[in-house]
Amino acid sequence: MKKKIVIANWKMNYDLHETTFFIRNFLKIIFERKINHNKKIIISPSFPFLYISNQILQGTSLRISAQNVHHMDKGSYTGEVSASMLKSIGISKVILGHSERRGFFFEKNDVLLKKIKISLKYGLKIIFCIGETETERKKDQQFDIIKNQLEKTVFHCSPDEIKLFCIAYEPIWAIGTGKNATYKQAQTMHEFIRYLFLKKYGEYISNQIYILYGGSITDLNAKYFFLQKDIDGGLVGNSSLKMEKFLKIIKS
Ligand code: 13P
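Let me sum up the structure you'll find in this document. (Residues numbered from 1 in each chain as written. Predicted model: local features only at pLDDT ≥ 70, side-chain atom pairs only at ≥ 80, totals over all residues. Heavy atoms only, no water.)

A separate point is helix α9 (residues 183-201). Residue pairs spaced three or four apart in an α-helix point in one direction, given the helix's 3.6 residues per turn. For α9, with 19 residues, the first-to-last C-alpha span of 26 Å sits near the 27 Å given by 1.5 Å per residue. A positive phi of about 95° marks G202, the residue just after α9. (Helix = DSSP H or I, 4+ residues; strand = E, 2+ residues; numbered from the N terminus. Expected span 1.5 Å × (residues − 1).)

Next comes the structure, spelled out in structure tokens:
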């Protein structure tokens, strides 16, 4: 049995005090309540707090991930953060392709592929997000959209590189809307994604690859998602900002 992965994507929330307060208390509660989480837990705070968060979690089983990285090695890119910078502060994971990056910051597949390559160059593990819009789903195009997103990005990687990936299926219409995909919709898409990996990379990789669901996961619905055969965990936004809710999701 694969251990499930639960990732808290805090997006642009929490300042230094809130970030460190949450992480310290979270650790304390897990210890005090003897929560045997039996999951891989990853927290993804904003750039300025990655280092301190990582320091606090040293020696624990919790991990930290960045929410983004620039696609170039270094240079005149004011305001950006490079893969080597992340590596230099001990960060080993990054979320790429989130629909908020694609939407608000116009990140297209070609740039995402560059981000993938630079992340791999520095040995960063990648949580790669894919998902369709509501209009695309209404037109029943979701499977073509997902296939295209993978073919233009992740599928340019070798089987060895794929070992560093975890895929997050996040239907855009379900993000931050309270309108989660049904368990069946999610399972059907995850099965399809696994099938695409099977065709491209064979059985071993398609079984091993983690495929997480994201989009309005709550403490009430998490366990039903996690029960689905092809759902290996969750990428959680809003509900990961509330300690008790996040703990319940982990216990689910
Ligand atoms: P919500 O859980 O707030 O819908 O956000 C999901 C998400 O975007 C995680 O990356």
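Right, let's talk about the packing of helix α7 (residues 142-151) against α9 for a bit. The contact between α7 and α9 brings their axes to 11 Å, and the two run at 40°. The angle between the axes of α7 and α9 places the two elements in the oblique class. Here α7 and α9 pass one another in a crossing that is right-handed. Where α7 abuts α9, its residues Q142, F143, I146, K147 and L150 lie against T188, M189, F192, I193, L196 and F197. For the contact of α7 with α9, the per-class residue count stands at 8 nonpolar, 2 polar and 1 charged. (Axes fitted to C-alpha atoms, helices over the stretch in contact; angles between N-to-C directions. Parallel < 35°, antiparallel > 145°, perpendicular 65-115°, else oblique. Left-handed = near helix turned anticlockwise from the far one by under 90°. Contact = heavy atoms within 4.5 Å. Nonpolar A, V, L, I, M, F, W, Y, C, P; charged D, E, K, R; others polar.)

What follows deals with a positive patch on the surface. Judged by side-chain charge, K3, K40, R63 and K125 come together as a positively charged surface patch. Relative to the assigned elements, K3 resides in the segment before β1 (4-9). (Patch = residues over 30% accessible without salt bridge, like charges linked within 9 Å, V, L, I, M, F, W, Y side chains within 5 Å. Areas by Shrake-Rupley, 256 points an atom, 1.4 Å probe, with all protein chains shown as cover. Salt bridge = Lys/Arg side-chain N within 4 Å of Asp/Glu carboxyl O. Lys, Arg positive; Asp, Glu negative; His and termini not counted. Charge placed at Lys NZ, Arg CZ, Asp CG, Glu CD.)

Summed over all chains, the structure comprises 13 aromatic pairs. Judged by centre distance (5.0 Å) and plane angle (75°), the rings of F143 and F192 are edge-to-face. Placement of F143 in helix α7 and of F192 in helix α9 is noted, with a sequence separation of 49 residues between them. The exposure class assigned to F192 is buried, which follows from its relative accessible area of 18%. Their ring planes at 15° and their centres at 4.3 Å tell us that Y213 and F225 sit as a pair that is stacked. Taken as a pair, Y213 in strand β7 (residues 210-214) and F225 in helix α11 (residues 222-226) lie far apart in primary sequence, 12 residues in all. Here Y213 and F225 have matching classes, each one buried. (Phe/Tyr/Trp six-rings, centres within 6.5 Å; stacked < 30°, edge-to-face > 60°. Buried < 20%, exposed > 50% of the residue type's maximum accessible area, 1.4 Å probe, protein only.)

Ranked by internal contacts, the top residues of the largest apolar core, which has 67 residues, are F26, F128, L150, V154, F165, I193 and F197. Here the element with the most residues in this core is α9; it accounts for 7 residues. Once residues lying within four places of it in the same chain are set aside, the contact partners of V154 are I116, F128, I162, F165, I167, F197 and Y201. (Core = buried A, V, L, I, M, F, W, Y, C linked by side-chain atoms within 4.5 Å.)

So, about the pairing of strand β2 (residues 39-44). The element β2 is largely enclosed, with a buried count of 5 among its 6 residues. Where β1 and β2 come together, 6 bridges link them in parallel fashion. Counterpart to I7 in the pairing with β2 is I42. Where β2 meets strand β3 (residues 63-64), 2 bridges bridge the pair, whose relative direction is parallel. From the neighbouring strand, I43 faces β3, where its bridge partner is I64. Crossover handedness for the path β2 to helix α2 (residues 50-56) to β3: right-handed. (Pairing = 2+ DSSP bridges. Right-handed = clockwise from strand over helix to strand, strands pointing away.)

Below, the discussion takes up the sheet that holds β3. The parallel open sheet is built from 8 strands, whose spatial order is β3-β2-β1-β8-β7-β6-β5-β4. Looking along the sheet, the strands with just one partner apiece sit at the ends: β3 and β4 (93-96).

The next thing to look at is the site of the ligand. Around the ligand sit 13 residues, and of these K11, H98, G176, S216 and N238 come closest. A distance of 3.0 Å is found between an oxygen atom of the ligand and a side-chain nitrogen or oxygen belonging to E170. In this structure, an oxygen atom belonging to the ligand sits 2.9 Å away from a main-chain N or O atom of N238. Of the residues that constitute the shell around the ligand, the class distribution is 4 nonpolar, 7 polar and 2 charged. (Near = heavy atom within 4 Å. Polar contact = N/O pair within 3.5 Å; in protein donor to acceptor, adjacent residues only side chain to side chain.)

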